[in-house]
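Next come the chains, spelled out residue by residue.
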Amino acid sequence: MKLSFRWYGKEDKVTLQNICQIPGMHTVVSAVYDVPVGEVWSKESILGLKRQIEAANLHFEVVESIPVHEDIKLGKSTRDRYIENYCENIRRVAQAGVRCICYNFMPVFDWTRTELAHRLPDGSTTLAYYQEQVDMVNPLESDSDLTLPGWDASYSRDQLKSVVAEYQSMTEDALWDNLQYFLKRVIPVSVECGVNMAIHEDDPCWSIFGLPRIITDERNLDRFLKLVDVPNNGITLCTGSLGCSGRNNVAKMAAKYAAMGRIHFVHMRNVAVLDNGFEERAHLSACGTLDMYAIMKALYDNGFDGYIRPDHGRMIWGETGRPGYGLYDRALGATYLNGLWEAISKG
Ligand code: DNO
């Protein structure tokens, strides 16, 4: 496995100097953040990232994310232009040495939480999702005062309402068709460039606000991999996104898809699954519902050699910053993953 760490660029409070001091760190996971979704990234920005990362003795081999424009997910006539831009971005990052691209196909909302700083008994704070809080929100009511943390701030309330409304008549099958249309054009380019595409599961892995969500469980991942059945069309195995639902056996999925050579990137995160949702927890198995050892062992035993990163951390030791993406708890997570991997490989 190649250990990696997500970095939000120069604005990130976590520095490359911090990251390169984490034992075993190999790759920085980043993206160009100053270009609107759907547009082409400038070569200067991509090379700028590469230069800074390499100056810290780290590699820039994973992009998370190149976001997919909503028109592509909606199957609008304008999608071809955005798909062409997407292909151009693949070519450009590949030329800079990137080997893996993480993206998602969730309508409108990326990851959804109802609290960004839920206090745990030890005084740390974490991200949490409580279903009753989601049920109180209706994004179609533009006069409603309720919003959820982490909503895309680039939409005004009215824009959000109208884009959500556009999905109201869309079935899951239609979303599958639009995903296939996208993959049939994008995957050949990634093959040509030697880049692995790694779709991220929907987070959480169920429908919210009546929007279709399809990258949710084993049956759907099987269906996804068959849409374009080549190794470059793979997944980001996100343990927290899949593991927040009791119906997903994450270790079993890790074994199966690693053996198929279709896991290119792993997000390791532990969650405590509750009757009414979930809370993110420290990485250690004992702190949550997931068996992190079993998942790492499944990856190891099935020949996984892709990128892996500690996913969201809690805020600990008084740190403040981007929820889920502070330094300390993710660094502890990285060290824990190193320890598991060493023990498994020597065991
Ligand atoms: C959340 C992340 C996601 C992920 C995207 C990939 O912290 O795991 O936002 O980057 O879904 O496109």
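Scroll up for the structure.
Quick summary incoming for the structure in this document. The structure presented is a predicted model; accordingly, all values stated were derived computationally and were not measured.

By the definition in use, this model includes 27 salt bridges. With a shortest N-O distance of 3.3 Å, arginine 269 and aspartate 203 are connected by a salt bridge. Of this pair, arginine 269 sits in the loop between strand E9 (263–268) and strand E10 (270–274) while aspartate 203 sits in the loop between strand E7 (196–200) and helix H8 (218–227), placing them 66 residues apart in sequence. Aspartate 301 is paired through a salt bridge with lysine 297; the nearest N and O atoms lie 2.7 Å apart. Placement of both aspartate 301 and lysine 297 in helix H11 (residues 292–301) is noted, with a separation of four residues, approximately one turn of the helix. With a relative accessible area of 28%, lysine 297 lands in the partly exposed category. Through salt bridges that share partners, Arg6, Glu64, Arg113, Asp203, Arg269, Glu280, Arg309 and Asp311 make up one connected network.

Taken in spatial order, the eight strands line up as E1-E2-E3-E4-E7-E8-E9-E12 and close into a barrel, and their pairing is parallel. Neighbour-to-neighbour, the strand axes of the sheet open up by a mean angle of 30°, direction not taken into account. Bridge analysis of strand E2 (residues 27–30) against strand E3 (residues 59–64) gives three bridges, and the strand direction is parallel. The residue bridging threonine 27 from the neighbouring strand is histidine 59, located in E3.

So, about the site of the ligand. Around the ligand sit 14 residues in total, of which Glu64, Ser65, Asp110, His312 and Tyr325 are the nearest. Residue asparagine 104 places a side-chain N or O atom 2.9 Å away from an oxygen atom belonging to the ligand. Histidine 200 is positioned such that a nitrogen or oxygen atom in its side chain is 3.3 Å from an oxygen atom of the ligand. Across the complex, the protein chains shield 98% of the 330 Å² of accessible surface that the ligand would expose by itself.

Following the sequence through the fold, serine 30 ends up in strand E2. Of note is the side chain of serine 30, whose polar atom sits 2.8 Å from the backbone oxygen of tryptophan 7. Excluding its chain neighbours within four sequence positions, the residues that come into contact with serine 30 are Trp7, Gly9, Leu49, Phe60, Val62, Val63 and Glu64.

Our next topic: the sheet that holds strand E11 (residues 277–281). The strand order across the open sheet formed by four strands is E5-E6-E11-E10, and the pairing between neighbours is antiparallel. The open sheet is flanked by strand E5 (115–119) and E10, the only strands paired with a single partner. When strand polarity is set aside, the average angle formed by the axes of neighbouring strands in this sheet is 35°. One ladder, built from five bridges, connects E10 with E11; its direction is antiparallel. Pairing of alanine 272 across the sheet is with glutamate 279, part of E11.

Moving on: the pairing of E3. Counted residue by residue, E3 has five buried out of six residues, so it is predominantly covered. Both E3 and strand E4 (residues 100–103) contribute to a ladder of three bridges, which runs parallel. The residue bridging glutamate 64 from the neighbouring strand is cysteine 102, located in E4.

Our focus in this paragraph is helix H6 (residues 157–166). For H6, the set of buried residues is Leu160, Val163 and Val164. All buried residues of H6 fall inside an arc of 100° around its axis, so they share one side. Where H6 is buried, its residues meet helix H3 (70–74).

Rules used throughout
- Residues numbered from 1 in each chain as written.
- Predicted model: local features only at pLDDT ≥ 70, side-chain atom pairs only at ≥ 80, totals over all residues.
- Heavy atoms only, no water.
- Salt bridge = Lys/Arg side-chain N within 4 Å of Asp/Glu carboxyl O.
- Helix = DSSP H or I, 4+ residues; strand = E, 2+ residues; numbered from the N terminus.
- Buried < 20%, exposed > 50% of the residue type's maximum accessible area, 1.4 Å probe, protein only.
- Pairing = 2+ DSSP bridges.
- Axes fitted to C-alpha atoms, helices over the stretch in contact; angles between N-to-C directions.
- Near = heavy atom within 4 Å.
- Polar contact = N/O pair within 3.5 Å; in protein donor to acceptor, adjacent residues only side chain to side chain.
- Areas by Shrake-Rupley, 256 points an atom, 1.4 Å probe, with all protein chains shown as cover.
- Contact = heavy atoms within 4.5 Å.
- Arc of directions from axis to C-beta.

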